[in-house]
Amino acid sequence: MATPEQLRKILESVRTIALVGASEKPHRDSHTVMAFLQGRGYRVIPVNPRLAGGTLLGEHVYPNVTAIPGKIDMVDLFLASHRVGAVVDEALRRGDVDAIWMQIGVIDEDAAAQAESAGLQVVMDRCPKQEIPRLGVPLATP
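Residues numbered from 1 in each chain as written. Predicted model: local features only at pLDDT ≥ 70, side-chain atom pairs only at ≥ 80, totals over all residues. Heavy atoms only, no water.

Helix and strand content of the protein: five helices and seven strands. In sequence order, the secondary structure elements of the protein are arranged as α-β-α-β-β-β-β-α-β-α-β-α. A compact globule built from 142 residues would reach a C-alpha radius of gyration of about 14 Å, and the protein, at 14 Å, matches this within 12%. Oriented by its inertia axes, the alpha-carbon framework of the protein measures out at about 35 × 30 × 25 Å. With 142 residues in all, the protein has 49% of them scored as buried. Taking contacts inside the protein between residues at least 6 apart in sequence as the whole, the part at least 24 apart equals 60%. Here the protein has roughly 6800 Å² of accessible surface; of this, 52% comes from carbon and sulfur atoms. (Helix = DSSP H or I, 4+ residues; strand = E, 2+ residues; numbered from the N terminus. Rg over C-alpha atoms; globule rule 2.2 N^0.38 Å. Buried < 20%, exposed > 50% of the residue type's maximum accessible area, 1.4 Å probe, protein only. Contact = heavy atoms within 4.5 Å. Areas by Shrake-Rupley, 256 points an atom, 1.4 Å probe, with all protein chains shown as cover.)

The structure is reproduced here in structure tokens:
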């Protein structure tokens, strides 16, 4: 379980976030969290195979984490828990991801252990949209 200090450190160090399970529907949590994070200064890259090739909130949508060019600091997961392992595998193959963040209700202990053993920071069952104001995390700067 991540401590408040660990959460703050992650949120203050990341700049580029791959948001897996991004939705084009404004009422969906993944959409509102993406917009919130962008408003806080993070670059958020949407990942959704169904929307791949399009644009969402001003960003190109990718089919998977491995297709994203450039460095990714954190992968934020809005998907069913049983799908987490495959995305963690993608993140590990990239070799440049520092953190895996699983949203509220997304829990996969095995995938978390795999990511942690590879040196990644892992957060489960939490939302950065809730944690940022709770912890007083300042705006992200490039």
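A separate point is the sheet that holds strand β1 (residues 16-20). Overall, parallel pairing links the five strands, which are arranged β2-β1-β5-β6-β7 in an open sheet. Two strands lie at the open edges of the sheet, namely β2 (43-47) and β7 (121-123), each paired on one side alone. Here the strands of the sheet are splayed against their neighbours by 20 degrees on average, with no regard to which way each runs. Pairing analysis gives four bridges linking β1 to strand β5 (residues 74-77), with the strands arranged parallel. The residue bridging valine 20 from the neighbouring strand is leucine 77, located in β5. Sheet strands in contact with helix α1 (residues 4-13) are β5, β6 (99-102) and β7, and its direction is about 115 degrees off that of β6. (Pairing = 2+ DSSP bridges. Axes fitted to C-alpha atoms, helices over the stretch in contact; angles between N-to-C directions.)

Attention now goes to the packing of helix α3 (residues 84-94) against helix α4 (residues 109-117). For the pair α3 and α4, the least separation of the axes is 9 Å and the interaxial angle reads 10 degrees. With respect to α4, the axis of α3 lies roughly parallel. Where α3 abuts α4, its residues Val84, Gly85, Val88, Asp89 and Leu92 lie against Ala111, Gln114 and Ala115. (Parallel < 35°, antiparallel > 145°, perpendicular 65-115°, else oblique.)

Moving on, we come to the pairing of β2. Taken across its five residues, β2 has four buried, putting it largely inside the fold. Here five bridges tie β1 to β2, and the two strands are oriented parallel to one another. Residue pairing across strands places isoleucine 17 opposite valine 44, the latter belonging to β2. For the handedness criterion, the β-α-β arrangement of β1, helix α2 (residues 29-39) and β2 is classed as right-handed. (Right-handed = clockwise from strand over helix to strand, strands pointing away.)

What follows is about the nonpolar core. Membership of the largest hydrophobic core comes to 26 residues, with the highest contact counts inside it found for Ile10, Leu11, Leu19, Leu37, Tyr42, Met74 and Trp101. The set of elements that each furnish at least two residues to this core consists of α1, β1, α2, β6 and α5 (128-135). In terms of nonpolar packing, the next biggest core, distinct from the first, is built from 25 residues, Val20, Leu79, Val87 and Ala91 among them. (Core = buried A, V, L, I, M, F, W, Y, C linked by side-chain atoms within 4.5 Å.)

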